[in-house]
Amino acid sequence: MKKLIVATSNVGKLKEMQEYLEEFDLQLGLKPSELEIEETGMSFMENAILKASQVSKILNEWSIADDSGLMVDELNGQPGIFSARYGKTDFDRINRLLGELEGKNNRQAKFVCAVAISNSRGQIIIKTEGICEGEILTERRGESGFGYDPIFFVPEIKQTFAQMSPELKRKISHRGKAFASLTPLLKSLLIR
Ligand code: ITT
């Protein structure tokens, strides 16, 4: 494998994924924007596998996909795999979530990230998952990042994802943990 397609349409995710993959001697390619894979899976991992394998089969290239989202305790784990479909824009999605949690004391939540790498025939070669625990604030805090970052507060750091430097978020986030498990596997695959 020399070339790897980063199979996402989410610009925030794409940036973070490219940064995790920087250390590898790989030519990273972008998924054509018109190529959208329907997320019919019932879990983050099922959807990550679906996106990676479909994109690989269609383009005949290795690819990496990420499926992620926010599971909120008070909402029985919602929006979960529906996090991207929770509203039209990041602004709407955050407003909807804040509305659902208005007046609620239990603000516990976790971000989950599943990552899958597929070979050019659509076979899954690597899959990993990462979780980051936190709390949903009552209002936005911070300007960095993307998606739900401004309302996701990590108590140990005393900051939201949107207040953290990109380096710190990369280290402690759900995606950071998924890539921490993925990196050694990808290394050994590339030296084989
Ligand atoms: P692709 O499927 O094309 O990768 P997507 O945005 O549809 O892009 P998902 O289905 O995995 O991706 O949905 C993830 C949702 O969770 C989406 O709304 C993201 O903005 C949000 N999300 C995921 N990781 C996040 C992070 O690190 N910070 C903030 N929001 C995040």
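Residues numbered from 1 in each chain as written. Predicted model: local features only at pLDDT ≥ 70, side-chain atom pairs only at ≥ 80, totals over all residues. Heavy atoms only, no water.

**Q** I'd like a rundown of the overall build of the chain, residues and numbers included.
**A** Counting its regular elements, the chain contains five helices and seven strands. In the chain, the succession of α and β elements from N to C terminus is β-α-β-α-β-α-β-β-β-β-α-α. Taken over the C-alpha trace, the chain has a radius of gyration of 17 Å; the compact-globule value for 192 residues is 16 Å, and the two agree within 12%. Dimensions of the chain along its principal axes, counting C-alpha atoms only, are 55 × 30 × 25 Å. In the chain, buried positions account for 48% of the 192 residues. A sequence separation of at least 24 residues applies to 60% of the contacts in the chain between residues at least 6 apart. Of the side chains in the chain, 26 bear a positive and 27 a negative charge, and the two mean positions are spaced by 4 Å. (Helix = DSSP H or I, 4+ residues; strand = E, 2+ residues; numbered from the N terminus. Rg over C-alpha atoms; globule rule 2.2 N^0.38 Å. Buried < 20%, exposed > 50% of the residue type's maximum accessible area, 1.4 Å probe, protein only. Contact = heavy atoms within 4.5 Å. Lys, Arg positive; Asp, Glu negative; His and termini not counted. Charge placed at Lys NZ, Arg CZ, Asp CG, Glu CD.)

**Q** Break down the packing of aromatic side chains for me, citing the residues and quoting the values.
**A** Scanning the entire structure with this criterion turns up four aromatic pairs. Ring centres of Tyr20 and Phe179 lie 4.5 Å apart, and the angle between their planes is 10 degrees; on these two criteria the pair is classed as stacked. Here Tyr20, found in helix α1 (residues 11–21), pairs with Phe179, found in helix α5 (residues 174–191); they are 159 residues apart in sequence, far enough to count as distant. Given the relative accessible area of 11%, Tyr20 is considered buried. Aromatic pair Phe152 and Phe161: ring centres 4.9 Å apart, planes at 50 degrees, arrangement tilted. Judged by relative accessible area, which is 0%, Phe152 ranks as buried. Using a relative accessible area of 1% as the deciding quantity, one classes Phe161 as buried. Through a chain of ring-to-ring contacts, the aromatic side chains of Phe111, Phe152 and Phe161 assemble into a single cluster. (Phe/Tyr/Trp six-rings, centres within 6.5 Å; stacked < 30°, edge-to-face > 60°.)

**Q** Before we move on, could you go through the pairing of strand β3 (residues 62–72) and cite the residues and values that matter?
**A** With 10 of its 11 residues buried, β3 lies for the most part within the structure. One ladder, built from three bridges, connects strand β1 (residues 3–6) with β3; its direction is parallel. Looking across to β3, one finds that Ile5 is bridged to Ser63. As defined by bridge partners, β3 adjoins strand β4 (residues 108–118) across 10 bridges and the pair is classed as antiparallel. Residue pairing in the sheet places Val72 in a bridge with Ala109 of β4. (Pairing = 2+ DSSP bridges.)

**Q** A description of unusual backbone geometry should follow, citing residues and the corresponding values.
**A** Cis geometry is found at the peptide bond from Gln78 to Pro79, where omega equals 0 degrees. Along the chain, the position of Pro79 falls in the loop between β3 and α3 (90–100). In the Ramachandran plot, Asn60 falls in the positive-phi region, its phi being about 60 degrees despite a non-glycine side chain. One non-glycine residue, Asn76, lies in the positive phi region at around 55 degrees. When its relative accessible area of 74% is taken as the criterion, Asn76 is described as exposed.

**Q** Describe the pattern of salt bridges, with residues and values.
**A** Under the criterion given, the structure shown has 14 salt bridges. With a closest N to O distance of 3.6 Å, Glu61 and Lys3 form a salt bridge. One end of the pair, Glu61, is in the loop between α2 (44–59) and β3; the other, Lys3, is in strand β1, and 58 residues separate them in sequence. In this structure, Arg175 engages Glu16 in a salt bridge whose closest nitrogen and oxygen atoms are separated by 2.8 Å. Here Glu16 lies in helix α1 and Arg175 lies in helix α5, a separation of 159 residues in the sequence. (Salt bridge = Lys/Arg side-chain N within 4 Å of Asp/Glu carboxyl O.)

**Q** Now, about the side chain of Arg175: what can you tell me, with residues and values included?
**A** Take Arg175: its relative accessible area is 1%, and that puts it in the buried class. The contact partners of Arg175, leaving out residues within four places of it in the chain, are Lys13, Glu16, Met17, Tyr20, Asp66, Ser68, Cys113, Phe146 and Lys169.

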